[in-house]
There are 2 protein chains.
Amino acid sequence: MGRFGKELIESMQQAAKHAAGRKVRGLRVSRVELPDVKAIRLSLRMSQHHFAAAYRIPLSTLKNWEQGRRMPDAPALAYLLAIKRRPKEIMEAVTRP
Amino acid sequence: MGRFGKELIESMQQAAKHAAGRKVRGLRVSRVELPDVKAIRLSLRMSQHHFAAAYRIPLSTLKNWEQGRRMPDAPALAYLLAIKRRPKEIMEAVTRP
DNA sequence: GGCACTATACGCCAATGGCGTCCGAAACTC
DNA sequence: GAGTTTCGGACGCCATTGGCGTATAGTGCC
């Protein structure tokens, strides 16, 4: 199957697990609508580092979102939705000098 | 000249004034880098209401930004930059069901 | 005049942004 | 195997913002 295939499958499994809710110290935390930041990032096959840099989101902020410690506020949610729908265009628009 | 021409000129003047800094109770507040939220919105010829709705930004937040009371945080800045560069695509991506 | 729309100004509080650090897992190099 | 690098989870901390509200003022339309 190759490394990439395996990685991709793991990514999808992680994403699915993530969408379903995370376990925090034995507690299952169900999130009403945890925006699929992680799923978006994984679908683009980027590390937190690269994703954060590409979309100009502070790494710590991205981590907070993915770990469920913080909830993206309204503008951030809109931004994430836009990224989800048009990843390339937005990356271009945001990284362009 | 017509109403639209007049409005457009006023818009530009406002945007310019805005970029230069606002007067607050006699104090001139110079802003290091006030992101041109208002200029972007005016260039799209939208009211605060419409702009906020179109890009899923709470009206009060947009107001705070335009009035210089609050500074958009990093993700919001990236979002605004993206809006500036690709207004239509993003509006579509964000408003689509 | 009265109505609707638009935008400025600002008080308030909980919540987040943004920084930091520490730790463990996985993968590569030597 | 030991060392190194990359990746990501977990969390402490505090200033700042988001998001809500209300009040005021100017404009154009009926």
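These remarks concern the structure in this document. These numbers come from a predicted model, not from an experiment.

The subject of this paragraph is the overall build of chain A. Helices and strands together make up the secondary structure of chain A, namely six helices and two strands. Taken from the N to the C terminus, the helices and strands of chain A come in the order α-β-β-α-α-α-α-α. For chain A, with 97 residues in total, the buried portion stands at 33%. Across chain A, every contact between residues at least 6 apart in sequence was considered, and the portion connecting residues at least 24 apart equals 53%.

At a minimum axis separation of 8 Å, helix H5 (residues 74-85) of chain A and helix H6 (residues 87-95) of chain B run at an interaxial angle of 100 degrees. Overall, the two elements H5 of chain A and H6 of chain B adopt an arrangement that is roughly perpendicular. Facing Ala78, Leu81, Ala82 and Arg85 of chain A of H5 of chain A, the residues of H6 of chain B in contact are Ile90, Ala93 and Val94 of chain B. The residue inventory of the contact of H5 of chain A with H6 of chain B, partitioned by class, reads six nonpolar, no polar and one charged.

Turning our eyes to something else, we now look at the interface of chain B and chain A. Across the boundary between the two partners, chain B contributes 22 residues, which contact 22 residues of chain A. Taken together, both faces of the contact between chain B and chain A bury some 1700 Å²; the carbon and sulfur share is 66%. Counting across the interface, chain B meets chain A through zero salt bridges. On inspection of chain B and its partner chain A, the count reaches four residue pairs in polar contact (both at pLDDT 80 or more). Contributing elements (two or more residues each) for the side of chain B that touches chain A: helix H4 (59-66), helix H5 (74-85) and H6 of chain B. If you tally residues by element for the side of chain B that touches chain A, the top one is H5 of chain B, at eight residues. Within the side of chain B that touches chain A, the residues separate by chemical class into 14 nonpolar, one polar and seven charged.

Rules used in this analysis
- Residues numbered from 1 in each chain as written.
- Chains lettered and ligands numbered in written order.
- Predicted model: local features only at pLDDT ≥ 70, side-chain atom pairs only at ≥ 80, totals over all residues.
- Heavy atoms only, no water.
- Helix = DSSP H or I, 4+ residues; strand = E, 2+ residues; numbered from the N terminus.
- Buried < 20%, exposed > 50% of the residue type's maximum accessible area, 1.4 Å probe, protein only.
- Contact = heavy atoms within 4.5 Å.
- Axes fitted to C-alpha atoms, helices over the stretch in contact; angles between N-to-C directions.
- Parallel < 35°, antiparallel > 145°, perpendicular 65-115°, else oblique.
- Nonpolar A, V, L, I, M, F, W, Y, C, P; charged D, E, K, R; others polar.
- Buried area = accessible area lost by both parts, 1.4 Å probe.
- Salt bridge = Lys/Arg side-chain N within 4 Å of Asp/Glu carboxyl O.
- Polar contact = N/O pair within 3.5 Å; in protein donor to acceptor, adjacent residues only side chain to side chain.

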